[in-house]
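This is what each chain is made of:
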Amino acid sequence: MRHPILISLCIAGAVGLAGCNRNPDAEVKRAMKSVNVIDESNLNDVMLTVGDPNEAVSYFAKALAENPDRVDLKRGLAKSLVRAKKPTEAAVLWAQIAASPEGTPDDQVQLADAYIRSNEWAKAEATLNTIPPTHETFERYRLEAMVADANKKWQKADSFYETAFGLTTKPAGVLNNWGFSKLTRGDFPGAEKLFAESLTYDSSVFTAKNNLVLARAAQRKYDMPIVNMTQEERAQLLYTAALSAIKQGDVTTGKGLLEDAVETSPRYFEQATRALDALNSQVAKG
């Protein structure tokens, strides 16, 4: 009684297999296409992150020439141009992308970023003004803050920096930028606080350490801040403090800081030695 059922199942299976193999070439092509898309996507990601910027430009330019209608390749080329320090070329491409039917508010943000990198501040501001207020992203407000800084609209800058700070899980960079804004407008205690806070999120950034020393030195606080630093970094920071002291007329203090810099890292930091020699020579002539 079971044999007819078993035979029927076998026949159905055989027919199913035959159906699957009616056009094996087409199936293989579809499968290979899927694999190629995955491989291409992975390669695109690599080119946008760890690849050499100029190689990435060549890669995306070639891919775009073969597929001129693909907006993802246009974005890849534009981002690569920015990484390759060619923001003017990137801005041209971002403008095309933003104006296309596939354009998004994120593309407008990228366009504003390229304009800022090209020192086209008015164009950056105009572009940011076209972005809907509902598009609230860290990158958008980071750029808004930078434009407000350029226009010396300090209250707006502070508001934008504070908003950007609340929209990221990695605030070290925006805090450093905010601190530099405070530094340029002469709010040295405010700058010092922001640089110190930046370093609590990422203690490896030397720029923030150097800015912190500048903010403290502007208040005639020449001792080294309590932050993690290598011997070479300490020598460089002492050098920064020394130059600030000398510039402010605290020559004796500056000379002592230069001597500390030389003693801290004579192997790595010859600038302090040259500055100290020049200072000694000037004193001898005086």
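Please refer to the structure higher up on the page.
An account of the accompanying structure is given in this report. Quick caveat: nothing in here was measured; it's all calculated off a predicted structure. (Residues numbered from 1 in each chain as written. Predicted model: local features only at pLDDT ≥ 70, side-chain atom pairs only at ≥ 80, totals over all residues. Heavy atoms only, no water.)

1. Thoughts on the side chain of serine 198
- By the secondary structure assignment, serine 198 is in helix H11 (residues 188-201).
- Not counting residues within four places of it along the chain, the set of residues in contact with serine 198 comprises Ala172, Leu175, Asn176 and Ala208. (Helix = DSSP H or I, 4+ residues; strand = E, 2+ residues; numbered from the N terminus. Contact = heavy atoms within 4.5 Å.)

2. Details of the environment of alanine 148
- Structurally, alanine 148 can be placed in helix H8 (residues 138-150).
- Here the alpha-carbon distance between alanine 148 and serine 159, two residues 11 residues apart in the chain, equals 9.7 Å.

3. Things to note about the side chain of histidine 135
- Structurally, histidine 135 is set in the loop between helix H7 (121-129) and H8.
- A residue is classified by how much of its surface remains accessible, and histidine 135, at 13% relative accessible area, is buried.
- Among the polar contacts listed, one links the side chain of histidine 135 to the side chain of aspartate 106, at a separation of 3.0 Å.
- Not counting residues within four places of it along the chain, the set of residues in contact with histidine 135 comprises Pro105, Asp106, Val109 and Arg140. (Buried < 20%, exposed > 50% of the residue type's maximum accessible area, 1.4 Å probe, protein only. Polar contact = N/O pair within 3.5 Å; in protein donor to acceptor, adjacent residues only side chain to side chain.)

4. Comments concerning the packing of aromatic side chains
- Under the defined criterion, the tally for this structure stands at 4 aromatic pairs.
- Geometrically, the ring pair formed by phenylalanine 165 and tyrosine 201 is edge-to-face, given 6.4 Å between the ring centres and 75 degrees between the ring planes. Taken as a pair, phenylalanine 165 in helix H9 (residues 154-166) and tyrosine 201 in helix H11 lie far apart in primary sequence, 36 residues in all.
- Phenylalanine 165 gets classed as partly exposed once you look at its relative accessible area, which sits at 26%.
- The positively charged end of arginine 140 is found above the aromatic ring belonging to tyrosine 141, 5.6 Å away from the centroid. (Phe/Tyr/Trp six-rings, centres within 6.5 Å; stacked < 30°, edge-to-face > 60°. Lys NZ or Arg CZ within 6 Å of the ring centre and 35° of its normal.)

5. Thoughts on the pattern of salt bridges
- Across all of its chains, the model carries 15 salt bridges by this definition.
- Between aspartate 113 and arginine 142 there is a salt bridge, and its shortest N-O distance comes to 3.4 Å. You can see aspartate 113 sitting in helix H6 (residues 105-117) and its partner arginine 142 sitting in helix H8, a full 29 residues away along the chain. The pair aspartate 113 / arginine 142 is uniform in exposure class, with both members buried.
- Arginine 142 serves as the salt-bridge partner of glutamate 139, at 2.4 Å between the closest nitrogen and oxygen. Of the two residues, glutamate 139 and arginine 142 both sit in helix H8, 3 residues apart, roughly one turn of that helix.
- Linked through salt bridges whose partners overlap, the residues forming this network are Asp113, Arg117, Glu139 and Arg142. (Salt bridge = Lys/Arg side-chain N within 4 Å of Asp/Glu carboxyl O.)

6. Some details on the nonpolar core
- Counting 30 residues, the largest nonpolar core has Leu77 and Trp94 as its most contacted members.
- Elements supplying a minimum of two residues to this core: helix H3 (53-66), helix H4 (71-83), helix H5 (87-99), H6, H7 and H8.
- Excluding its chain neighbours within four sequence positions, the residues that come into contact with tryptophan 94 are Arg75, Ala78, Lys79, Val82, Asp107, Gln110, Leu111 and Ala114.
- Listed in part, the 19 residues of the second largest apolar core include Val213, Leu237, Ala272 and Ala275. (Core = buried A, V, L, I, M, F, W, Y, C linked by side-chain atoms within 4.5 Å.)

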